[in-house]
Amino acid sequence: MSKKRSLSAQERTYGAPSSVLRRALLGGLVLAVLLAVAGLLAYLTRADSPVSAKPAPTATSTQRTASPEATPGDREAVAEPPKTSDPIVFAKAATKVLWTYDTRPFSRAEHVAGLKRWMTGEKKYADWDSVSDQIPSPVLWSRMHDNRQHATAKIGEGHFPQAFKTALAQDPGAITEAYVYAVTVTGKQSIAWKGSGAGAESRSSTLAVQCRPEKACALVGVLPNVAP
């Protein structure tokens, strides 16, 4: 076990969940089909809860230097999005990149740029704030870099939440305006840092994914709460 003490809860929290996606849901702009289920509406509009804390060591402020483990030229900060029309396949791939990062060779700006490639180009539906809330702050990223922190993810399964399936069955045509699907994905995130420090936790997220006919899927956002 690493001798480094853990960051405080405030430091480890990457950002409070964005209210943008929730407002879009309530306005009927994103996942309008979900609003047909009163129980899910209440579920999505309840008070915000912070993003799960991630195990991370405290870093001593030092000047950033190049890492010997890898260089940006060896690979990309974030994998390219898959060319698929299957919302579950896409959501599983998107969740993997959201739970994966490497602060050793890559800057936060490179990581952000990589994630933006996954977003839908339709500004009416895109909720970048809910995605950027999953990324460590610039200060925290710097501290994590000093500790050579990196994370990998193993994805388990993905499924449409029951409320989404119920709403879609009740009104199949509702999906045809935005073609935005809710997908819940489960898996495990493993984190490691210098000094043989390591940690892992099971995680789950519900993503909003847009899959228009004859177009590759794209990410809309991350819901503030996990839908079962």
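Before going into details, it helps to say that this report is about the structure given with it.

Thresholds applied
Residues numbered from 1 in each chain as written. Predicted model: local features only at pLDDT ≥ 70, side-chain atom pairs only at ≥ 80, totals over all residues. Heavy atoms only, no water. 1 Å grid on protein atoms, 1.4 Å probe; cavity = no way out; pocket = protein on both sides within 12 Å on 5 of 7 lines; lining within 4 Å. Points joined across faces, edges and corners; volume = space filled by probe spheres on them. Helix = DSSP H or I, 4+ residues; strand = E, 2+ residues; numbered from the N terminus. Disulfide = S-S within 2.5 Å. Buried < 20%, exposed > 50% of the residue type's maximum accessible area, 1.4 Å probe, protein only. Contact = heavy atoms within 4.5 Å. Polar contact = N/O pair within 3.5 Å; in protein donor to acceptor, adjacent residues only side chain to side chain. Salt bridge = Lys/Arg side-chain N within 4 Å of Asp/Glu carboxyl O. Pairing = 2+ DSSP bridges. Phe/Tyr/Trp six-rings, centres within 6.5 Å; stacked < 30°, edge-to-face > 60°.

This part covers the layout of surface pockets. A volume near 210 Å³ is recorded for the second largest pocket. Those elements that place two or more of their residues in the lining of the second largest pocket are α4 (87–98), β1 (101–102) and β2 (150–159).

On to the state of the cysteines, then. Across all of its chains, the model carries one disulfide by this definition. Here C211 connects covalently by a disulfide to C217, the sulfurs 1.9 Å from one another. Between C211 and C217, the S-S torsion sits near 115 degrees, and that sign places the bridge as right-handed. For the pair shown, C211 and C217 are each scored as buried.

Let us look at the environment of R212. Structurally, the position occupied by R212 is in the loop between β4 (197–210) and β5 (218–222). For R212, a relative accessible area of 18% puts it in the buried group. For the pair R212 and I175, spaced 37 residues apart in the sequence, the C-alpha separation amounts to 9.9 Å. In contact with R212, other than residues within four places in its own chain, are E122, Y125, E177, A178 and Y179. At 3.2 Å, the side chain of R212 forms a polar contact with the backbone oxygen of E177.

This brings us to the environment of G197. Structurally, the position occupied by G197 is in strand β4. Among the residues examined, G197 registers a relative accessible area of 2% and is labelled buried. Taking the C-alpha atoms as reference points, G197 and Q149, separated by 48 residues in sequence, lie 9.0 Å from one another.

Attention shifts here to the pattern of salt bridges. This model, assessed by the stated rule, comprises five salt bridges. Between E80 and R117 there is a salt bridge, with its nearest N and O atoms 3.5 Å apart. On the criterion of sequence distance, the pair formed by E80 in the loop between α3 (38–45) and α4 and R117 in the loop between α5 (108–116) and α6 (128–132) is long-range, its members being 37 residues apart. When the shortest N-O distance is used, the salt bridge between K124 and E177 registers 3.8 Å. You can see K124 sitting in the loop between α5 and α6 and its partner E177 sitting in the loop between α8 (162–170) and β3 (180–193), a full 53 residues away along the chain. Its relative accessible area of 47% is what places E177 among the partly exposed residues. Sharing partners across several salt bridges, the network here consists of E76, E80 and R117.

Another aspect to go through is the pairing of β3. Judged by how many residues are buried, β3 sits mostly within the fold: ten of 14 residues are covered. Note that β2 and β3 share eight bridges and pair antiparallel. Note on β3: the bridge partner recorded for I155 is G187. Pairing analysis gives 14 bridges linking β3 to β4, with the strands arranged antiparallel.

Scanning the model with the defined rule gives five aromatic pairs in all. Consider the rings of Y101 and W141, whose centres lie 6.2 Å apart with planes at 55 degrees: the pair is tilted. Pair noted here: Y101 is in strand β1 and W141 is in helix α7 (residues 138–146), with a separation of 40 residues, a long-range link. Overall, the relative accessible area of 2% leaves W141 in the buried class. Put simply, the rings of F160, F164 and Y181 touch in pairs and so form one group of aromatic residues.

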